[in-house]
Amino acid sequence: MKKLILPLVAACLLLVGCCKEQDHVIRTKVPVRPAGQTDVLQLRTDPIPTVRVAFIGLGMRGPGAVNRMTHIDGVEIVALCDVVESNVKKVNKKLIDKGLPAAQEFYGDTSVWRQVTKLPNVDLVYIATDWLHHAKIGIQALKDDKHVAIEVPSAMNMEEIWELINLSEQKRKHCLPLENCCYDFFELTTLNMVQQGVLGEVLHGEGAYIHGLQPYWNSYWKNDADSLGWRMDYNKKHRGDLYPTHGIGPVCQAMNIHRGDKMNFLVSVDTKAVGNPAFIKEKMGKEVTDFRNGDHTSTLIRTEKGKTILIEHDVTSPRPYSRMYQLTGTKGFANKYPVQGFALDAGSIDPAIAANHENLNAHSFVPNDVRKELMEKYKHPIVKDIEEKAKTVGGHGGMDFIMDYRLIYCLQRGLPLDMDVYDLAEWCCLIPLTELSLDNNSAPVEIPDFTRGAWDKLDKVTFAQ
Ligand SMILES: NC(=O)c1ccc[n+]([C@@H]2O[C@H](COP(=O)([O-])OP(=O)(O)OC[C@H]3O[C@@H](n4cnc5c(N)ncnc54)[C@H](O)[C@@H]3O)[C@@H](O)[C@H]2O)c1
């Protein structure tokens, strides 16, 4: 009998091991955390009463960020850097015209930024270059002991993402994605409603970047004189969701990702590429037969706690701009595009707000006046202080200003930032991992736990005061 049992047990063990290996999930390498290093959740650093900022990348996006920072007390703009000399001079002139001190200028080639990250008089390096330089500059800035803020998407592959995490942990410096959509008034109000239980348990979320970029393609920096610019080049060379952070960021915050839940795996499907190759043909007369990025990419994600997320990417189809932003909860529903609305269980609406309305139920959006009252009642505390100024300074209606204001507010007081390097990792990893899924016939791909074991230490996203 013993003789029979042993081989049987061995066969069973083999089968279990085998199933694990054959669960069809593609896994990427998770580097072991170097000895002596811990996570940077809720990282507090020494207060910096006057934050000295260096800006690298002054194309279409960067100058607006410089301008916003001039409206925040306790900020010194000490360095401006771009490959193109005139971009630097133009922004510096604006500082001088405003009566501010001129910043030190750096321009000329694609490695001039190396002089900037090592400047001793800089606290924060703010990066708004093309995607290929984002992480490269961020990594060096962390090595040079600076806090780092990187435009989105902040990193393009898993190696860059893990290096940013490791350096932020090792140097105890902040490294955050400049994800402005997390500060949109609707998203922030909805997050507040979620955190107060108005939508019940949020089970499903949707986000997107649907934005025909035809008016902009030709205005991006030309990394290659023979191309339409870096962004079209990247789309030509890569399948996948190349701009996921506007869609995924606010949904992850509402779902407490790495604050009690974590994304486990994704699967992606895409259409063939039609719109962008046709655009290149029309503008440059070139026939492109190997364009990788499909017109429409859809990605589904499942979380540890049994939630799902749908993320879409489309930068070519003739559709109205949309980031979708949709949350489905057990007691209610929120939707930003194409129309802003809330649908709530009658019992979930504050009786004071519902008093004058009969038949409130979740089968249709609450009436406009109720929506407005909800937006007022659940206005996020960080918006209350700064709303008017944000709308005056602007930047996508004010959300860009709130993002910069919060970054400086927390640095000045040594408080944890609203977003951390794990947010950066979770949101940006969709780029390489959706490409991996697509290149493997839409196979599931594991989304690593970038906190390496600390994903349920916190219980929700917080905005330190
Ligand atoms: N969050 C948002 O709403 C938002 C909106 C627009 C753009 N963006 C992001 O901002 C970034 C910049 O986009 P953009 O539209 O300004 O592109 P852009 O091509 O207009 O600007 C990029 C600039 O970076 C400079 N540059 C490139 N390599 C450099 C290097 N090695 N050193 C110094 N400068 C360098 C170029 O000369 C150019 O001026 C992108 O990552 C984009 O995705 C974000």
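Everything quoted here is computed from the prediction, not taken from an experiment. Along each chain, the written sequence defines residue order, and numbers are assigned to residues from 1. Where totals are concerned, whole chains, interfaces and linings use all residues; where local detail is concerned, this predicted model gives features only for residues with pLDDT of at least 70, and gives and counts side-chain atom pairs only at 80 or more.

A. Up close: the overall build of the protein. Of regular secondary structure, the protein possesses 16 helices and 14 strands. A radius of gyration in this sense is built from C-alpha atoms; the matching globule rule multiplies 2.2 Å by the number of residues raised to 0.38. In terms of overall dimensions, the protein is globule-like: its C-alpha atoms have a radius of gyration of 24 Å, near the 23 Å expected for 465 residues. Taking the principal axes of its C-alpha atoms as reference, the protein extends roughly 85 × 65 × 55 Å. Between the buried cut of 20 or more and the exposed cut of 12 or fewer other C-beta atoms within 10 Å of a residue's own C-beta lies the partly exposed class, and all C-beta atoms are placed from the backbone. Counting every position in the protein, which comprises 465 residues, the buried fraction comes to 43%. Long-range contacts, defined here as pairs at least 24 residues apart, represent 73% of the contacts in the protein between residues at least 6 apart. A run of DSSP states H or I qualifies as a helix once it reaches four residues; a run of E qualifies as a strand once it reaches two. Both are numbered from the N-terminal end. Residues are defined as contacting one another if the C-beta atoms placed from their backbone atoms lie within 7 Å.

B. Main features of the site of the ligand. Taken together, 24 residues form the shell around the ligand, and within it G57, G59, M60, R61 and W221 come nearest. Contributing elements (two or more residues each) for the shell around the ligand: β2 (75-82) and α5 (131-143). Note on residue categories: nonpolar means Ala, Val, Leu, Ile, Met, Phe, Trp, Tyr, Cys or Pro, charged means Asp, Glu, Lys or Arg, and polar means any other residue, Gly included. When its residues are assigned to classes, the shell around the ligand shows twelve nonpolar, eight polar and four charged. Throughout this description, a residue near a molecule or strand is one whose C-beta atom, derived from the backbone, lies within 6 Å of it.

C. Structural view of the sheet that holds strand β3 (residues 104-107). Strands pair, by our definition, only if DSSP identifies at least two bridges between them. On the basis of which strands lie adjacent, the open sheet formed by six strands has the order β3-β2-β1-β4-β5-β6 and parallel pairing. Of all the strands in the sheet, just β3 and β6 (175-177) have a single pairing partner and so form its edges. Across this sheet, the average inter-strand angle for adjacent strands is 20 degrees, counted without regard to direction. Pairing between strand β1 (residues 51-56) and β2: six bridges, direction parallel. The residue bridging V53 from the neighbouring strand is I77, located in β2. Interaxial angles span 0 to 180 degrees and are taken between N-to-C directions of axes, which are lines fitted to C-alpha atoms, for helices over the stretch in contact. Docked against the sheet, helix α3 (residues 85-97) engages β2 and β3, running at close to 160 degrees with respect to β2.

D. Looking closely at the sheet that holds strand β13 (residues 341-344). Pairing is mixed in the open sheet, where eight strands are placed in the order β13-β12-β11-β7-β10-β9-β8-β14. Of all the strands in the sheet, just β13 and β14 (445-446) have a single pairing partner and so form its edges.

E. Molecular detail of the pairing of strand β8 (residues 263-270). Relative to strand β9 (residues 297-303), β8 runs antiparallel, the two sharing seven bridges. Across the sheet, F265 pairs through a bridge with R302, a residue of β9. Relative to β14, β8 runs antiparallel, the two being bridged by two bridges. The residue of β14 that forms the bridge with F265 is E446.

F. The arrangement of the domain arrangement of the protein in detail. Source of the domain bounds: an automatic or database domain assignment. One can read the domain layout of the protein as domain 1 (51-178) and domain 2 (182-380 + 420-446). Computed from C-alpha atoms alone, the centre-to-centre distance between domain 1 and domain 2 is 27 Å. Facing the 19 residues of domain 1 at the interface are 17 residues of domain 2. For the side of domain 1 that touches domain 2, the elements supplying multiple residues, two or more each, are α5, α6 (158-171) and β6. The leading source of residues in the side of domain 1 that touches domain 2 is α6, at five residues.

G. Geometry of helix α16 (residues 430-439). When you tally the buried positions in α16, you get eight out of ten residues, the bulk of the element. Listed in full, the buried residues belonging to α16 are L430, I431, P432, L433, T434, E435, S437 and L438. N441 sits one or two residues past α16 and shows a positive phi near 60 degrees.

H. Just the pairing of strand β10 (residues 308-314), in detail. Relative to β10, strand β7 (residues 202-210) is paired through seven bridges, and the arrangement is parallel. Residue I210 lies in a different strand from β10, and its bridge partner there is D314. Alignment of β9 against β10, held across six bridges, turns out to be antiparallel. Residue pairing for β10: S298 is matched across the bridge by E312. What sits between the antiparallel neighbours β9 and β10 is a turn of four residues, in which G306 has the positive phi angle 80 degrees.

I. Here's a closer look at the packing of helix α13 (residues 381-393) against helix α14 (residues 399-413). α14 packs onto α13 with a crossing angle of 125 degrees between their chain directions and a minimal axis gap of 8 Å. Classified by the interaxial angle, the pair formed by α13 and α14 is oblique. Of the two possible hands of crossing, α13 and α14 adopt the one that is right-handed. Residues I382, V383, I386, A390 and V393 of α13 lie in contact with α14, whose contacting residues are F401, I402, Y405 and R406. Each residue belonging to the contact of α13 with α14 can be placed in one class, and the counts come to eight nonpolar, no polar and one charged. Should an angle lie under 35 degrees it is considered roughly parallel, over 145 roughly antiparallel, and from 65 to 115 roughly perpendicular; all remaining angles are considered oblique. By definition, any crossing whose near helix is turned counterclockwise from its far helix by less than a right angle is left-handed, and any crossing with a clockwise turn is right-handed.

J. Structural context of the environment of I137. Relative to the elements of secondary structure, I137 occurs in helix α5. Here the alpha-carbon distance between I137 and Y126, two residues eleven residues apart in the chain, equals 9.8 Å. Non-local contacts of I137, meaning those with residues more than four positions away in its chain, are made with I56, W113, T117, I127 and T129.

K. Structural context of the packing of helix α9 (residues 245-254) against helix α15 (residues 421-428). Following both chains from N to C, one finds α9 and α15 inclined at 125 degrees, their axes separated by 9 Å at the closest point. Between α9 and α15, the angle is such that the two are oblique. Taken as a pair, α9 and α15 cross one another with a handedness that is right-handed. For the pair α9 and α15, the contacting residues are T245, I248, G249 and C252 in the first and E426, W427 and C428 in the second. Among the residues forming the contact of α9 with α15, the class breakdown is four nonpolar, two polar and one charged.

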